[in-house]
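# Reading the structure
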Amino acid sequence: MQNSVATVAASNPTRTLRLGTRASQLALWQTNHVIGQLQAHWPHLQCELVHMVTQGDRRLDRPLPEIGGKGLFTAELEEALRQGDIDLAVHSLKDLPVENAPGVLIGAILSREDTRDVMVARNGWKLATLPEGAIVGTSSLRRQAQLLVARPDLDVRPIRGNVDTRLRKVLEGEYDAAVMAAAGFVRLGFVEYITEWLAPEVMVPAPGQGALAIQCRADDATVRELLSALHDPQAAATTTAERQLLWHLGGGCSAPVGASARFADGQLTLHARVATVDGLHVFDADASGSDANEVANQVADLLLKQGAHIALVHATRTRPLTGKKVVVTRPIVQSAIQRDDLAAQLRSVGAEALEIPAIHIAPVEDNAKLQAAIERITTYEWVVFTSPNAVEFFFSALAESGASLTEPIQPKIAAVGPATEAVLQAYDLRVHAMPEKYLGREIAVALGNIQGSNILLPRSAQGSSELPDALVELGAVVDEVSHYTPVPATLDAPAFAALAAGVDVVTFASGSAVRAFVAALRNHAEFATQHLTDFWSNVTVACIGPSTAEAAQAEGLTVHVVASEHTVPGLVAALITHYEQGA
């Protein structure tokens, strides 16, 4: 039964609803679609279009993230609502800031169109077939990041304009391709130009993508009643989860965050991805539940523990470690190998990173055992790599022997974490197993049934016994080969001067770095005499994982921070959390 307030308003010929709209084809389609929906429910309702120009329409000379992104296409419409110049404003929900503007709210969310992104490209190209160095247009940091995850060789450039303008720029050869929301193409009848519908696993859509939102004044009860007939509760629930994720992450609608929620078996499931704009670091998380906000909070927490802060600082322009002097004790060469530079990530969040390597990595003098293992490589069911160094030194020895490890191969490949996986992928190798938690004992479980399996474990000479013991307990036959070793580095005078001047944090990424750094300070006569006690009393000790923390505690250090996710981004995230909690 129709609500009496809305019925009276809809049948009252003196009341005409004024709908604010931008002048683009898509904005006009969306607004006219809403008018059609309203009049389908309220046949006597009169509607009038009020054309408006927003800041986002005026400023076409710069990429959206550079001019703010948040509210660029909505602020003028919201002010017109508050002033009573219009009664409704129709938006693509993904363009709306998460927080309601003062005096304004979302009166209805309509059923969603296809949430995917699409590619339009010259010559019928798809993402996989674009030529190396192809110019791909997008003004979305989210799309840029995920494009570079899939194809780091692409030249991703900003592209501005309405849907038809961006399409024309591709067709006329200004760009080789562009990525846009499928919903706009469907609504405008441009589907024939789509060369690829991008799978959600490749391009996780923007929070709220595919949904239309109708804003009205918060105190206009009549209009709110009219809009209730158009509201889709399921679309509202999924988009609420996606947008609440943005709120929990502290990002705006221009942040490099993808989110996709769905209903299955009465549960709301949310998948999200955050990636750095250079595509080098990707963070994914999922959660399910009945409450959209709780699910969003769980996913945000999982992402932040992994280190998603580093992908968000660009969009939010926050630098939470500003003013902190942080010592990086891991080998500089290791950072280059991993494409996982701790010093660079610390600087990106405001810290002053002091690179004082405590160790360097060297091959073992006698690698005869490794060469023997390489000669019988096809006899192993698994090769397990526990670090990027293990990969690099293994393939150096492989090259010397003239052997190769290419598909199809007998052994499967396991990696301890994403940094190791990235190096293996650089050698065109597929990783068959990687644990959710980047710990040695978790690798053993991730391999599945390994009873009687022959496993090659190329690793550091100072590696712990945790992983080989776990593999043996599960029935595997383990061939443990030490092919590289950490060697204590010599700290020079500038390093001791920097430490004596005072630092806030010392980071450790391995037990060998802990032992070497502690010994270097203890054995330096002048530093040990004048500074040692005060130094350890006044610094925060941060470790990449529990085994490193145990090594630090064994050296008598108090450990203040242990990363939940045992990666470089996870260590940065743990430090940020430590200081955000008032430490």
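The coordinates are above.
Since we're looking at a predicted model, the values are computed, not measured.

What follows concerns the packing of helix α10 (residues 292-306) against helix α24 (residues 568-580). The N-to-C vectors of α10 and α24 enclose an angle of 110°; their axes lie 6 Å apart at closest approach. Judged by the inter-axis angle, α10 sits roughly perpendicular to α24. Side by side, α10 and α24 meet where Leu304, Lys305 and Gln306 of the first sit next to Pro569, Gly570 and Ala573 of the second. By residue class, the composition of the contact of α10 with α24 is 3 nonpolar, 2 polar and 1 charged.

All right, on to helix α19 (residues 493-501) then. Buried within α19 we find Ala495, Phe496 and Leu499. For α19, the angular spread of buried residues about the axis comes to 95°, placing them on one side. In α19, those exposed residues whose orientation departs by more than 90 degrees from the buried face are Ala493, Pro494 and Ala501. Among the residues of α19, the N-terminal cap falls to aspartate 492, whose side-chain oxygen and the backbone nitrogen of alanine 495 are separated by 3.0 Å. Of the residues trailing α19, glycine 502 is marked for its positive phi of about 110°.

The next point concerns the packing of aromatic side chains. Per the stated rule, a full pass over the model turns up 11 aromatic pairs. Summarising the aromatic geometry, the rings of phenylalanine 385 and phenylalanine 395 are spaced 6.5 Å apart at their centres and angled 25° between planes, so their arrangement reads as stacked. Of this pair, phenylalanine 385 sits in strand β17 (residues 382-385) while phenylalanine 395 is found in helix α15 (residues 388-401), placing the two residues 10 residues apart along the sequence. Assessed through its relative accessible area of 0%, phenylalanine 385 is described here as buried. The class of phenylalanine 395 is buried, set by a relative accessible area of 9%. Judged by centre distance (6.1 Å) and plane angle (80°), the rings of phenylalanine 517 and tryptophan 536 are edge-to-face. A residue pair is termed long-range when its members are at least 10 positions apart, and phenylalanine 517 in helix α20 (residues 511-523) and tryptophan 536 in helix α22 (residues 532-537) qualify at 19 residues. Of the two residues, phenylalanine 517 and tryptophan 536, both sit in the buried class.

Rules behind the numbers
Residues numbered from 1 in each chain as written. Predicted model: local features only at pLDDT ≥ 70, side-chain atom pairs only at ≥ 80, totals over all residues. Heavy atoms only, no water. Axes fitted to C-alpha atoms, helices over the stretch in contact; angles between N-to-C directions. Helix = DSSP H or I, 4+ residues; strand = E, 2+ residues; numbered from the N terminus. Parallel < 35°, antiparallel > 145°, perpendicular 65-115°, else oblique. Contact = heavy atoms within 4.5 Å. Nonpolar A, V, L, I, M, F, W, Y, C, P; charged D, E, K, R; others polar. Buried < 20%, exposed > 50% of the residue type's maximum accessible area, 1.4 Å probe, protein only. Arc of directions from axis to C-beta. Polar contact = N/O pair within 3.5 Å; in protein donor to acceptor, adjacent residues only side chain to side chain. Phe/Tyr/Trp six-rings, centres within 6.5 Å; stacked < 30°, edge-to-face > 60°.

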